[in-house]
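Single-letter residue listing:
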Amino acid sequence: ALVYSVRIAGKTEAWSTNFDLYRVSFAGKGISVAKNLTADNPAWDTGPVFSPDGKTLYYRAMQRPGFEADRFAIMAMDLKTGKKREVPSKLDRSAESLAISADGKTLFTVFLDNGQQPLFAVDIASGEVKVLAQNGSIGEFDVAGNQVLFTRARMDSPAQLFLTDLKGGFERKISTCLLYTSDAADDLLC
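What comes next is a walk through the structure. (Residues numbered from 1 in each chain as written. Predicted model: local features only at pLDDT ≥ 70, side-chain atom pairs only at ≥ 80, totals over all residues. Heavy atoms only, no water.)

Some points on the pairing of strand β6 (residues 73-78)
Where burial is concerned, most of β6 is hidden: five out of the six residues are buried. Pairing of strand β5 (residues 56-61) with β6, which is carried by six bridges, proceeds in the antiparallel orientation. Note that in β6 the partner of Tyr 58 across the bridge is Ala 76. Bridge count between β6 and strand β7 (residues 84-86): three bridges; the pairing is antiparallel. Pairing of Ala 76 across the sheet is with Arg 85, part of β7. From the end of β6 to the start of β7, which pair antiparallel, there are five residues, and Gly 82 there has a positive phi angle of about 85°. (Buried < 20%, exposed > 50% of the residue type's maximum accessible area, 1.4 Å probe, protein only. Helix = DSSP H or I, 4+ residues; strand = E, 2+ residues; numbered from the N terminus. Pairing = 2+ DSSP bridges.)

Description of the sheet that holds β7
One open sheet accounts for four strands, arranged β4-β5-β6-β7; its pairing is antiparallel. The open sheet is flanked by β4 (45-50) and β7, the only strands paired with a single partner. Ignoring which end each strand starts from, the neighbouring axes of this sheet average 30° apart. (Axes fitted to C-alpha atoms, helices over the stretch in contact; angles between N-to-C directions.)

Details of the packing of aromatic side chains
Both the distance between ring centres and the angle between the ring planes are used here to describe each pair of aromatic rings. Summed over the entire model, instances satisfying the criterion amount to five aromatic pairs. Seen in terms of ring centroids, Tyr 4 and Tyr 22 are 6.0 Å apart; in terms of plane orientation they differ by 20°. Their pairing is stacked. Of the two residues, Tyr 4 sits in strand β1 (residues 2-7) while Tyr 22 sits in strand β2 (residues 19-24), which places them 18 residues apart along the sequence. The residue whose ring lies beneath Arg 60 is Phe 72, and the NZ or CZ to ring-centre distance is 4.4 Å. Its end group placed over the ring of Phe 162, Arg 152 keeps NZ or CZ at 4.4 Å from the ring centre. (Phe/Tyr/Trp six-rings, centres within 6.5 Å; stacked < 30°, edge-to-face > 60°. Lys NZ or Arg CZ within 6 Å of the ring centre and 35° of its normal.)

Digging into the sheet that holds β1
Read from one edge to the other, the open sheet built from three strands follows the order β1-β2-β3, with strand pairing classed as antiparallel. Each having just a single partner strand, β1 and β3 (35-36) make up the two edges of the open sheet. Relative to β2, β1 runs antiparallel, the two being bridged by six bridges. Paired with Leu 2 across the strands is Val 24, a residue of β2.

Quick look at the structure:
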């Protein structure tokens, strides 16, 4: 199946913030009719991620329609029953993107936090939140095996590539950026 986020608002499209998640199945012959999974939420639903066993869909959802500055909560939907619940996070921040561990027990996200954007691991069962990488703005990230690859930009450096483990126990820079001085200017070469 494929789940995607779309806004269908007719003449109110320009100011609507009601994005819904639609599911399309590819089982059997052809493609099934798209099913709206989040029609009950009149606000923004986005960023779907399937659990490794395919039974749960995690996504980000706002609660207040028409309010683009609302917090994106992390939601979990049982795909068999359609029951939805918020993943209890110990932070009151807005989740920016999601990835999931291979064992399905941990979600990874970034939250804007005091002018920075650290990478966090959220235990799905308890809601406990652990910082995996900080000191700058974490941009893109991806989970592969027991490591997380991510980009970090800081005031003194453009985005660089780093690796950490799923517990944030180590961090290794894997890209290089050099500062060189010429007659014209100081430039960064990456």
